[in-house]
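What follows is the residue order along each chain.
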Amino acid sequence: MNLPTHTTIASAAGNWWRNAVIYQIYPRSFADADGDGIGDLPGILSRMEYLAALGVDALWLSPFYRSPQTDAGYDVSDYRDVDPLFGTLDDFDRLLQAAHARDLRIIVDLVPNHTSDEHAWFRAALASPPGSVERARYMFRDGRGADGSEPPNNWQSVFGGGAWSRAEGDRQWYLHLFDRKQPDLDWNNPEVRTEFESVLRFWLDRGVDGFRVDVAHGLIKAAGLPDWAGETSMVDGAPAQDASDGVNRGPMWDQDNVHAIYRDWRRILDSYPGDRMMVAEAWVRPQSRLARYVRPDEMNQAFNFDYLLARWNAPMLRTIIDASLAAAAEVGAPATWVTSNHDTVRITSRLGLSHPGIRPKGISAADEQPDEALGLRRARALAMLTLALPGSAYIYQGEELGLPEDTTMPATFRQDPAFRRTGGREIGRDGCRVPLPWVAGAPSLGFGPGAATWLPQPEGFAGYAVDRQEGAPDSTLELYHALLRLRREHGLGRGAVRWQASPDQVLVFDNGPVRVVVNLGTDDVDLPPGTPIASSLALPGEGRLPGNGAAWLSVP
Ligand code: NOJ
Ligand code: MG
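Caption draft 1: Just the overall build of the protein, in detail. A count of helices and strands for the protein gives 14 helices and 20 strands. Whereas a compact globule of 556 residues would reach a radius of gyration of roughly 24 Å, the protein reaches 23 Å, a difference of no more than 12%. By its C-alpha atoms, the protein is 80 × 50 × 50 Å across when sized along the principal axes. Split by element, the accessible area of the protein, about 19,800 Å² in all, is 51% carbon and sulfur.

Caption draft 2: Broad picture of the site of ligand 1. D71, D214, H342, D343 and R429 are the nearest of the 13 residues found near ligand 1. Residue R212 places a side-chain N or O atom 2.9 Å away from an oxygen atom belonging to ligand 1. Contact between ligand 1 and D214: an oxygen atom at 2.7 Å from a side-chain N or O atom of the residue. Notes on ligand 1: free accessible area 290 Å², of which the protein chains cover 99%. Each residue belonging to the shell around ligand 1 can be placed in one class, and the counts come to four nonpolar, two polar and seven charged.

Caption draft 3: Representation of the side chain of D179. Position of D179 relative to the elements: it lies in the loop between β8 (172-175) and α5 (190-206). Residues within four places of D179 in sequence aside, it is in contact with T70, F159, P417, R420 and R421.

Caption draft 4: Expanded view of the nonpolar core. With 165 residues, the main nonpolar core has Y23, W203, F211 and W552 as its most contacted residues. Counting residues in hydrophobic clusters, the runner-up holds nine residues, among them L527, L537, L545 and L553.

Caption draft 5: Representation of the packing of α5 against helix α6 (residues 258-270) within the structure. The contact between α5 and α6 brings their axes to 11 Å, and the two run at 30°. Handedness of the crossing formed by α5 with α6: right-handed. Seen from α5, the contacting residues are R193, F196, E197, L200, R201 and L204; seen from α6, they are A260, I261, D264, W265, I268 and L269. Along the lines of polarity and charge, the residues of the contact of α5 with α6 split into eight nonpolar, no polar and four charged.

Caption draft 6: Quick look at the coordination of the magnesium ion (ligand 2). For the magnesium ion (ligand 2), the full set of protein donor atoms is D32 (OD), D34 (OD), D36 (OD), I38 (O) and D40 (OD), at a range of 2.2 to 2.3 Å. Expressed as a motif, the donor residue spacing for the magnesium ion (ligand 2) is D-x1-D-x1-D-x1-I-x1-D.

Caption draft 7: Expanded view of the sheet that holds strand β2 (residues 58-61). Pairing within the open sheet is parallel, and its eight strands lie in the order β11-β10-β9-β5-β2-β1-β13-β12. Bordering the open sheet on either side are β11 (301-302) and β12 (336-337), each of which pairs with just one other strand. Where strand β1 (residues 21-25) and strand β13 (residues 392-396) come together, four bridges link them in parallel fashion. Bridging across to β13, Q24 finds its partner in Y396. Sheet strands in contact with α6 are β5 (105-110), β9 (210-213) and β10 (277-280), and its direction is about 155° off that of β10.

Caption draft 8: Spotlight on the environment of D371. Note that D371 resides in the loop between α10 (347-350) and α11 (372-386). Through-space distance from the C-alpha of D371 to that of L484 is 27 Å; in sequence the pair is 113 residues apart. A polar side-chain atom of D371 sits 3.0 Å from the main-chain amide nitrogen of L374.

Caption draft 9: Highlighting the pattern of salt bridges. Under the definition given, this model contains 38 salt bridges. Put simply, K361 and E426 hold a salt bridge, and the shortest N to O gap is 3.7 Å. With K361 in the loop between α10 and α11 and E426 in the loop between α12 (417-421) and α13 (466-469), this residue pair connects regions lying 65 residues apart in the sequence. A single network of salt bridges, built from pairs that share partners, joins D71, D343, D416, R429 and R433.

Caption draft 10: Fine view of unusual backbone geometry. Look at the link from R285 to P286: it is a cis peptide, with omega at -10°. Inspection of the secondary structure puts P286 in the loop between β10 and α7 (287-291). Residue D103 is not a glycine yet carries a positive backbone phi of 65°. Tracing the backbone shows D103 in the loop between α3 (89-101) and β5. What makes D103 exposed here is its relative accessible area of 53%. The phi dihedral of N548 falls on the positive side, at around 55°, and the residue is not glycine. On the secondary structure map, N548 appears in the loop between β19 (544-545) and β20 (549-554). On the accessibility criterion, N548 (5% relative accessible area) is buried.

Caption draft 11: Region of the structure containing the packing of aromatic side chains. As enumerated under the stated definition, the model contains 26 aromatic pairs in all. Taken together, Y79, W187, F196, Y262, W265 and Y293 form an aromatic cluster joined through their ring pairs. Positioned over the ring face of F140 is R135, at 4.5 Å from the centre of the ring.

Caption draft 12: Molecular detail of the pairing of β1. Burial analysis of β1 places five of its five residues in the buried class, which makes it a mostly covered element. What you see with β1 is no split at all: V21, Y23 and I25 on one side and I22 and Q24 on the other are buried throughout. Note: β1 against β2, four bridges, orientation parallel. What sits directly across from Q24, in β2, is W60.

Criteria and thresholds
Residues numbered from 1 in each chain as written. Chains lettered and ligands numbered in written order. Predicted model: local features only at pLDDT ≥ 70, side-chain atom pairs only at ≥ 80, totals over all residues. Heavy atoms only, no water. Helix = DSSP H or I, 4+ residues; strand = E, 2+ residues; numbered from the N terminus. Rg over C-alpha atoms; globule rule 2.2 N^0.38 Å. Areas by Shrake-Rupley, 256 points an atom, 1.4 Å probe, with all protein chains shown as cover. Near = heavy atom within 4 Å. Polar contact = N/O pair within 3.5 Å; in protein donor to acceptor, adjacent residues only side chain to side chain. Nonpolar A, V, L, I, M, F, W, Y, C, P; charged D, E, K, R; others polar. Contact = heavy atoms within 4.5 Å. Core = buried A, V, L, I, M, F, W, Y, C linked by side-chain atoms within 4.5 Å. Buried < 20%, exposed > 50% of the residue type's maximum accessible area, 1.4 Å probe, protein only. Axes fitted to C-alpha atoms, helices over the stretch in contact; angles between N-to-C directions. Left-handed = near helix turned anticlockwise from the far one by under 90°. Donors = N, O, S within 2.8 Å, 3.2 Å for Na, K, Ca; no water. Pairing = 2+ DSSP bridges. Salt bridge = Lys/Arg side-chain N within 4 Å of Asp/Glu carboxyl O. Phe/Tyr/Trp six-rings, centres within 6.5 Å; stacked < 30°, edge-to-face > 60°. Lys NZ or Arg CZ within 6 Å of the ring centre and 35° of its normal.

Here it is as structure tokens:
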């Protein structure tokens with residue numbers, strides 16, 4: 001094994017993750033080095049200067065492990081190897097070393113709820129009889145009814161259809177909260193725990209700075225697997241301000257015993273030098289339940305999905321910000337801020353809908369089409385809110401370009417299992433996963449040396465290409481450069497929110513020396529006192545801020 005020589009970045013002030021800006025790379029769609037139309041690790045390496053110049057602190061890589069790619073890599077068949085699609089372990093080591101050399105930390109994705117059905121364990125389970133140790137690693141159960149032909153309970157898959165399948169000729173069923181090719185592991189089995197501790201160590205030994213934990217609220221299911229009348233859904237589109245709304249409290253989510261797992265993992269992470277971290281993907285409400293995942297001896301962060309689901313509405317955003325800060329403070333954790341990822345419609349497009357911020361599960365050509373210019377204008381203003389908040393902020397690749405969702409992708413190209421399993425009723429997540437545009441005039445818009453891309457790039461993407469935006473003063477990329485520099489300079493991630501009086505659809509707060517003003521209304525408003533240091537649009541002068549605009553001022 002060719003281990004990098006510098007595996008950790010010395011932590012100056014400690015707890016770098018408390019105020020880090022973390023950039024999510026979706027490897028299939030970031031950059032392609034070998035020209036097969038699918039992004040890969042050497043592609044990421046080739047764009048390291050871009051990432052370093054952006055001014056973020058860490059990169060989170062969605063899965064690049066061996067996988068049949070049924071769910072774009074969230075179906076892992078070998079947790080200790082790189083899929084040939086993406087490169088080799090040596091490529092990973094090179095990438096990690098190059099990132100660390102630029103003070104960029106690397107967070108990898110851990111997928112513990114389920115494996116691929118092509119994982120050696122599941123193959124062995126199918127080849128072994130009911131009651132065997134091989135089957136005990138997964139959730140095999142006898143069916144209901146006289147001949148066992150009914151599934152063991154009524155649970156539905158998050159991707160649509162039933163959550164139980166059985167192999168042909170098999171009398172038992174196995175649980176899969178996601179696709180039938182993603183069998184759920186049984187986390188009450190100590191062998192499963194030991195195996196994942198070993199996987200953690202494998203990547204920690206290689207020098208990774210942390211883990212994003214997939215479906216962190218789903219590993220433990222309620223004893224007896226009781227029927228559940230509600231929908232099985234990771235994401236809920238309801239307004240997020242009703243703190244009493246306990247969505248996703250079905251017997252498959254947020255069970256108390258899940259926390260013991262993260263306490264064990266935390267002990268392992270803490271035994272390594274260099275301040276390693278874990279962030280939970282847990283769709284859990286209210287905030288007080290979510291905060292349980294980031295108690296001092298558990299994970300370091302949890303994604304703040306209430307913030308992601310917020311509407312374009314000043315009082316709602318303020319309520320969510322306050323609730324998030326309070327819940328995190330209660331357990332001594334940093335708040336996190338996230339507005340999109342590879343599972344959600346791109347923020348620019350959500351904000352361009354007639355009910356801005358509502359969260360559709362995908363947008364198709366038959367649906368209302370977002371107003372692209374308006375969405376972008378709002379997304380830029382929202383970035384000025386997000387990056388001014390204390391705690392840790394996430395950027396999903398392409399957000400820094402203002403990239404919209406592809407809302408017109410023909411069905412033939414769609415690959416999301418949710419699209420397939422619902423017969424197209426759910427349009428799925430492909431529209432936010434389109435390969436990035438790097439060079440406006442080049443084949444595949446500079447994504448790779450070839451013309452092909454695994455999902456087609458819509459024509460309009462050329463206008464968002466990196467080469468069009470670099471150095472262009474009004475571009476979204478340059479806005480991000482400026483904001484990330486100012487955020488660092490003024491220590492906003494370590495600061496606090498002090499709200500100031502403001503009209504209804506306007507948010508005004510001070511964080512240290514910076515006064516943040518976001519106008520969510522449509523009319524111009526007066527800017528409060530202070531000298532502008534950044535703005536999401538050209539300021540008309542006379543101390544006015546246009547609608548759907550934001551500015552940072554220096555506090556007088
Ligand atoms: C959440 C991941 O973000 C998503 O992409 C995936 O499909 C599911 N978990 C299942 O692993
Ligand atoms: Mg490739």
